[in-house]
Amino acid sequence: MSEAQDLTQLRNSSLAAVSAAANLAALEELRIQLLGKKGSITLALKTLKDIPAENRKSVGAELNQLKNSVEAAFASREKVLSLSQLGERLAREAIDVTLPVDSRPLTRGAGSLHPLTRVQQELELIFRGLGFTVVDGPEVETDYCNFEALNVPATHPARDMQDTFWTSGGDLLRTHTSSIQVRALQSMKPPLRIVAPGRVYRYERMDASHEHTFYQMEGMMIDKKVTVGHVIYFMRTLLREIFGFEAKIRLRPGYFPFVEPGFELDIWFKNRWLELLPCGLIHPRVLEFGGIDPNEWQGFAFGLGLSRLVMSRFKIDDIRHLQGGDLRFLTQFS
Amino acid sequence: MRISKSWLSDYVDLDDISPERFEDLITTKVAEVDDIELCALPTADAILVKVLELRPHAQKTGLQIVKVSDGKNQFELACGATNIKLGVVAAYLAPGSRYVALQSAEAGEEAVSAGTLAPVTAREISGFISPGFLASEAELGLTSDHSGLFLPELTNDTLIGQSLSEIVGPPDIIIVIDNKSLTHRPDLWSHFGFARELSAILKRPLKIDQDRFADCSVAGKERLQELRGEARSNFSVRIDPLTPCARFTALEIGNVRTVASPLWMRFRLAAVGAGVRNLLVDLSNYVMCDIGQPNHAYDADKLSGDYLVARFASSGEAFTGLDGIPRELASEDLVIATKQTAVALAGVIGGQASAIQESTSRVLLESATFDPVAIRHTTKRHSLRTDASNRFEKSQSPYSPPLALHRFWQLLSELQPQARIVGEVSNSFPAPPAAVSIPFSYQLIRDRLGVELGDLGIKEILEGLRFTIEENNIEENNIEENNSEEEDNQAICHVPYHRATRDVSIAADLVEEVGRIYGYDEIAQQAPLIVSEPARRDSLRQVEDQLREALRATGFSECYLYSFQDTEFATRAGFSLESAVRLQNPIDANLGCLRVSLIPGLLQCVERNFRYTDRIALFELGRAYSSDGSASAAVQKRIAAQERRLLTIAWASQDDETQTGSLLQPELKSGAAFYSLLGLVRDLLRQQVPGKLNVLPATIKLNNPSHGFGVLRNWMHPHRQACLDIEGVVIGVIAEVSPALGLELPQRSVVCEIDLDAIRRLGSKDPLFQPLPRFPDSFFEMSIIMPNAEPYQNLAELLALDLQTLPVFRRSEVLAVYEGAPIPAGKKSVSVKFVLGSDERTLASDELKSVENMLIARIVGSSYELRR
């Protein structure tokens, strides 16, 4: 028999044996037989040196090719077998999911609500007491609702102030809950009082005090006569309810294209002024965008930084904890 | 922006204003002060000394021993600076005084970092002990110049021995304001701009009025024409049609010299953070910081031809700016060019080739107004922001360029009396904008602010801010509205040029002007008179709050996870991202789309927590997003994506699943984790929605696959999964996590996801009272043998055919499921208890028997058999 015939036979018998291996154990046994130290393919390779030099090169190449294809066959058979073995295991584990079993998870210790939930629920309660309806809006927003109708046209430098995530469809992830003002003006009729808590996004690098995902609560009141004095009243009331005492506050000019005049509200805390929330009288153009006559109606709006409030409330030093999902963090709020 | 109080004092008297009051006034009435710096420079410590003798150090080349006099004593110091000369005056720092450290170092026992004050000590240098040293400008904190000694050129020697602060003035106060806080105020990008505000706030006059040079007035126009000299200018300027350049002016000045700037100018520039180079360059910067208008001085001898033009760059046009970086321009970039070549990237940076040099003797001073949007795009395109571009982006007034020409010339002619203007101002101003006037009513301002402030008070505030008020004829108003109790006087407010570019355009803007100067602190809180109406309640929010409270009470913890989807993992878990909302600019390439389900994120969260704990009970209430939601609504009301509100719960433990210790029947050998989460979910749903919950494996019933549930996905254990169905509506999915997913999870991890919108749509129903049973219930038990693989549900449905028709049937309970001898292999025995009862009587035993027989007949007629 020629060497070529030998090799062909070896190849065919090896491949046949591999594909016939019934399980992983049999396959491993076969691997030792063929490719182990004393395996037939290994031995064939060892005898190369006895082959006459003129044939050695071509036989060697063929042998190597044979070894490679057998190894490939092993790999694919192993995959098939382990999958079917897993499949068998899963099948053995089958349960009747329709059984009306009455049972509960054996949890350990008390559960917890997320600190953002706790603060948000508290604020919602305060505002509902003041006659504000809690509303929602989409997180994937149109440029129109997030910018345009809030008096931030495409060329406005304020767009730089809020680096934005854009979707491939040309929409965006809302950069503030103020977009809900626009949605509310479209769907509700004045007079109205709303608050809108929610998740907002900024295209920002993360560190202990910066997040690309955080929470705000927008508030808005529209009525026949709204004054800066009213803004101060509601903000004072809110802070009294949150802190339980009359906090010392100040309003100072702050620029937001959708309010005029616009303010930053600072609170006196530990001997210094802390920036707490932006607010202002709703810009007449924003009312017009919402189809409301600014000569007849006015309003005020404010934006509470919920994440920031939560962090100072519970003395959380790293904003990334809020969305980290770490039980060691979460269960502290049980 | 850094603003120097001493610089402001050129314009307004601020001597009696303390640093605290200064900061407070600016913050509460103008813009938030980020920081206030008291420039405690070591200038008071430095003593002016005269150099008497110089001799080289014996060993060390380059080092000299300097004998100096402070007027009383003479002493020797070591000095390595090359600009030291006999007879000059230098600043001496004795041991014990302090200097600005230039590098981080160990000073004695303390570590000193660069830029902070360090103590001067006597130091030995190659065998010579120097008692202190002669300082550079940088070491004195005056500028960043450390190339040589600071050598003030004194005209007489009377100051020798005195403190350096005698010539550089007392320490200045610098306020630092974030540029973002000034986005809306193009007029505040200069000292004069802040001086205008302080003049209005403090009701103090401006000592120098730079606004008189604005040529929106006749007088301003005349003043611009007075800027002229002998001969004809060698240059004219023009603006190419359609170029976003509102105005282009230039002034040629000859017979100038490039020298160092005077000390006071260098100190001021250093104090506000500007670099210091030479007089001509420094002047340009100084003028910008002083009056706000960016400007640029070209070496006129480097400009070819006889004109400069503002034009668009040609695509690919090469330009090298003062920063030495060659750039390829885009056709949207704006340049200033000679006939041959671009000499400035307009409004952003001057060109290297025409920069001021030692040899410069003739300058062309450009002062122009460029379109804010065009400038903004150019700065973004080339990632190049400068003090000039920052100002142009905010909409500078086109009436401001003359201010820069006047100020530059005024300062230059004082410092270099030999300088001469050549010809006249070259001025291209194709379309001067009309003045902005706002009709308003005094009452509207009072109403919006909620204050009682008279017309005169309002007028005084606005005029203090350089608005002018034109009263309407009051009599006419009175005739029209003679009934009104309050006089509602109408007037017209003319906006000053520096506020008219965008900032102030409507009456609401005037409300803000009056409010901030009047003082927001002066406005009293005021409860509104409103119609009392209860707040409406959102049913979804109620559902969410009840669910999270119920889960918390069961020991689950609420988490908030990110909306961005790990696309690789989600795909591996078997979620199609075909309709996912994709991002153009994700934070990370693998977080390229928004989550289509909360499950992948929660699974990864369980895996992270498994490093610390082996019993994990988590849930999230959140949204999943898909892009198939954009209906064809009008632009205004369009919804950008479909957002589903989901509740996703994960329960994972290392418990051996046969040792449940729970209410689970011990006969059930496996599935404890699955059954227990399912039991909890059953409870949650019972509290929310009427209707019976059906639990169906996805392989049996494929319901509305677009919904997202009812599909067997990779993450699910194929034999431990089900979709949750309430009266034909699939509302969720529950499954054990498949080990094939390859996560490091606890032994058994079960996840359930529920669509809250579906729950809300199903609605809740008040329970209706049922009379309490007056007669005891009866029951009987049966064991039925059925194929192992067949779900109990099939049996339940079969028996329901009869049971549903029986008014006495109350309920059935599964008591046990048994496999093994004597039950044949592949089969299981299910024991069921049937409870029957009536409100009218206790059921007789034959009544029970007939029901039992009916069920037996049904079973015998089926593929199941009765276990006897």
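Residues numbered from 1 in each chain as written. Chains lettered and ligands numbered in written order. Predicted model: local features only at pLDDT ≥ 70, side-chain atom pairs only at ≥ 80, totals over all residues.

**Student:** Is there a simple way to explain the overall build of chain B in this structure?
**Tutor:** Within chain B, the secondary structure is distributed over 21 helices and 41 strands. By the compact-globule yardstick of 29 Å for 868 residues, chain B is too spread out, its C-alpha radius of gyration being 42 Å. With respect to the three principal axes, the spread of C-alpha positions in chain B is 130 × 95 × 55 Å. Counting all 868 residues of chain B, 43% fall into the buried class. (Helix = DSSP H or I, 4+ residues; strand = E, 2+ residues; numbered from the N terminus. Rg over C-alpha atoms; globule rule 2.2 N^0.38 Å. Buried ≥ 20, exposed ≤ 12 C-beta atoms within 10 Å, placed from the backbone.)

**Student:** Got a minute to help me understand the overall build of chain A in this structure?
**Tutor:** When helices and strands are counted, chain A shows 12 helices and 9 strands. Over its C-alpha atoms, taken along the principal directions, chain A stretches across nearly 105 × 55 × 45 Å. Put simply, chain A has 334 residues, and 43% of those count as buried. Residue pairs in contact within chain A that sit at least 24 positions apart in sequence constitute 64% of those at least 6 positions apart. (Contact = placed C-beta atoms within 7 Å.)

**Student:** What is the right way to look at the interface of chain B and chain A in this model?
**Tutor:** Interfaces are frequently sized by the accessible area removed from exposure as the parts join. Between chain B and chain A, the contact holds 108 residues from the first and 84 residues from the second. Residues belonging to the side of chain B that touches chain A are distributed by class as follows: 52 nonpolar, 28 polar and 28 charged. (Nonpolar A, V, L, I, M, F, W, Y, C, P; charged D, E, K, R; others polar.)

**Student:** Honestly, the nonpolar core in this entry has me stumped. Any pointers?
**Tutor:** Ranked by internal contacts, the top residues of the largest apolar core, which has 298 residues, are B:Val335 and B:Leu677. Contacts of B:Leu677, omitting those with residues within four sequence positions, involve A:Pro105, B:Ile649, B:Trp651, B:Ile734, B:Val750 and B:Cys752. Core analysis: the second largest hydrophobic core is formed by 7 residues, A:Ala21, A:Leu34, A:Ile41 and A:Phe74 among them. (Core = buried A, V, L, I, M, F, W, Y, C linked by C-beta atoms within 7 Å.)

**Student:** Would you mind showing me how to read the confidence of the model for chain B here?
**Tutor:** Low-pLDDT stretches of the model should not have their predicted coordinates read in fine detail. Residues and elements named next belong to chain B. Summarising the model, chain B shows a mean pLDDT of 89, and 93% of its residues fall at 70 or more. Low pLDDT, under 50, characterises residues 660–667; the stretch is placed with 17 contacts to residues that sit more than four places away or in other chains. Note on residues 700–707: pLDDT is under 50 here. Beyond four places in sequence and across chains, it has 12 contacts. Interface predicted TM-score (ipTM) for the complex: 0.85; the corresponding pTM is 0.82. (pLDDT = per-residue confidence, 0-100.)

**Student:** In this structure, what is going on with the environment of B:Ser69? I would like to understand it.
**Tutor:** Residue and element names in this part refer to chain B. Take Ser69: it is sitting in strand 4 (residues 64–69). For the pair Ser69 and Lys50, spaced 19 residues apart in sequence, the C-alpha separation works out to 5.3 Å. Setting aside residues no more than four positions away along its own chain, Ser69 makes contact with Val49, Lys50, Leu52, Gln74 and Ile160.

**Student:** How do you make sense of the sheet that holds strand 36 (residues 729–737) of chain B when you look at a structure like this?
**Tutor:** Picture the strands of a sheet paired through backbone hydrogen bonds; they go either parallel or antiparallel. Residues and elements named next belong to chain B. Taken in spatial order, the 7 strands line up as 29-32-33-37-36-35-34 in an open sheet, and their pairing is mixed. The open sheet has two free edges, formed respectively by strand 29 (557–558) and strand 34 (693–696), since each of these has just one partner strand. Examined bridge by bridge, strand 32 (residues 615–626) and strand 33 (residues 642–653) share 12 bridges and lie antiparallel to one another. Following the sheet pairing, Leu618 is matched in strand 33 by Ala650. Against the sheet, helix 17 (residues 599–609) contacts strand 32, strand 33, strand 36 and strand 37 (748–755), and its axis sits at roughly 155 degrees relative to strand 32. The strands touched by helix 18 (residues 672–688) within the sheet are strand 33, strand 34, strand 35 (716–726), strand 36 and strand 37, with strand 37 carrying the most contacts at an inclination of about 25 degrees. (Pairing = 2+ DSSP bridges. Axes fitted to C-alpha atoms, helices over the stretch in contact; angles between N-to-C directions.)

**Student:** What exactly am I supposed to notice about the pairing of strand 6 (residues 249–253) of chain A here?
**Tutor:** A regular strand places its side chains so that they alternate between the two faces of the sheet. Residues and elements named next belong to chain A. Relative to strand 7 (residues 259–269), strand 6 runs antiparallel, the two being bridged by 5 bridges. Directly across from Ile249, in strand 7, lies its bridge partner Ile267. Linking strand 6 to strand 7, which pair antiparallel, is a turn of 5 residues.

**Student:** Honestly, the sheet that holds strand 17 (residues 296–299) of chain B in this entry has me stumped. Any pointers?
**Tutor:** All names here are of chain B. The strand order 17-24-16-25 describes an open sheet built from 4 strands, whose pairing is antiparallel. Looking at which strands have only one partner, the edges of the open sheet turn out to be strand 17 and strand 25 (420–428). For this sheet, the mean angle separating the axes of adjacent strands, direction not counted, is 20 degrees. Sheet analysis places strand 16 (residues 245–254) next to strand 24 (residues 363–370), joined by 8 bridges and oriented antiparallel.

**Student:** Looking at this structure, how should I read the environment of A:Leu48?
**Tutor:** Residue and element names in this part refer to chain A. Tracing the backbone through its elements, the reader meets Leu48 in the loop between helix 3 (40–46) and helix 4 (53–92). For Leu48, a count of 14 C-beta atoms within 10 Å translates into the label partly exposed. If we skip the residues at most four places from it in the chain, Leu48 touches Arg56, Val59, Gly60 and Leu63.

**Student:** How should unusual backbone geometry be read in this particular structure?
**Tutor:** Glycine aside, a negative phi is what most residues show, and trans is what most peptide bonds show. Geometrically, the link from A:Glu260 to A:Pro261 is a cis peptide bond, its omega value of -5 degrees lying close to zero. Note that A:Pro261 resides in strand 7. In the segment running from B:Ala821 into B:Pro822, the intervening peptide bond is cis, with an omega of 5 degrees. Along the chain, B:Pro822 falls in the loop between strand 39 (809–818) and strand 40 (827–836). Notably, A:Lys315 is not glycine yet its phi reads approximately 55 degrees, a positive angle. Mapped onto the elements of the fold, A:Lys315 is located in the loop between helix 11 (306–314) and helix 12 (327–330). Even without being glycine, B:Glu727 reaches a positive phi, approximately 45 degrees. Within the secondary structure, B:Glu727 sits in the loop between strand 35 and strand 36.

**Student:** Could you clarify how one ought to interpret the packing of helix 5 (residues 115–129) of chain A against helix 11 of chain A in this entry?
**Tutor:** Geometry of a packed helix pair, given as the angle between the helix axes and the separation of the axes. Residue and element names in this part refer to chain A. The geometry of helix 5 relative to helix 11 is characterised by a closest axis approach of 10 Å and an angle of 105 degrees between their N-to-C directions. One element, helix 5, and the other, helix 11, form an angle in the roughly perpendicular class. Here Pro115, Leu116, Val119 and Gln120 of helix 5 lie close against helix 11, whose contacting residues are Leu306, Ser307, Leu309, Val310, Arg313 and Phe314. In terms of residue class, the contact of helix 5 with helix 11 is built from 7 nonpolar, 2 polar and 1 charged. (Parallel < 35°, antiparallel > 145°, perpendicular 65-115°, else oblique.)

**Student:** Mind showing me how you'd approach helix 18 of chain B here?
**Tutor:** Given 3.6 residues per turn, any residue in an α-helix points the same way as the ones three and four places further on. Taking 1.5 Å of rise per residue, 17 residues should cover 24 Å, and helix 18 of chain B covers 25 Å from first to last C-alpha, within 8% of that figure. Listed as buried for helix 18 of chain B are B:Ala672, B:Ala673, B:Phe674, B:Tyr675, B:Ser676, B:Leu677, B:Leu678, B:Leu680, B:Val681, B:Leu685 and B:Gln688. (Expected span 1.5 Å × (residues − 1).)

**Student:** Sorry if this is basic, but what is going on with the packing of helix 15 (residues 539–553) of chain B against helix 18 of chain B here?
**Tutor:** All names here are of chain B. For the pair helix 15 and helix 18, the least separation of the axes is 11 Å and the interaxial angle reads 145 degrees. Taken as a pair, helix 15 and helix 18 cross one another with a handedness that is right-handed. Contact with helix 15, carried on its side by Val543, Gln546, Leu547 and Ala550, involves Leu684, Gln687 and Gln688 of helix 18 and no other residues of that element. Of the residues in the contact of helix 15 with helix 18, the class split is 4 nonpolar, 3 polar and no charged. (Left-handed = near helix turned anticlockwise from the far one by under 90°.)

**Student:** Please clarify how the pairing of strand 6 (residues 89–93) of chain B should be interpreted in this entry.
**Tutor:** All names here are of chain B. In terms of residue burial, strand 6 counts as a mostly covered element, since 4 of its 5 residues are buried. By the bridge criterion, 4 bridges tie strand 3 (residues 47–56) to strand 6 in an arrangement that is antiparallel. Considered in strand 6, the bridge of Leu48 is made with Ala91. With 2 bridges connecting them, strand 6 and strand 13 (residues 133–134) associate as antiparallel partners. Bridging from a neighbouring strand, Tyr92 pairs with Leu134 of strand 13.

**Student:** So what exactly am I meant to see when it comes to the environment of B:Pro131 here?
**Tutor:** Residues and elements named next belong to chain B. Along the chain, the position of Pro131 falls in the loop between strand 12 (128–130) and strand 13. A tally of 15 C-beta atoms within 10 Å means that Pro131 is categorised as partly exposed. Between the C-alpha atoms of Pro131 and Ala78, which are 53 residues apart in sequence, the distance is 8.5 Å.

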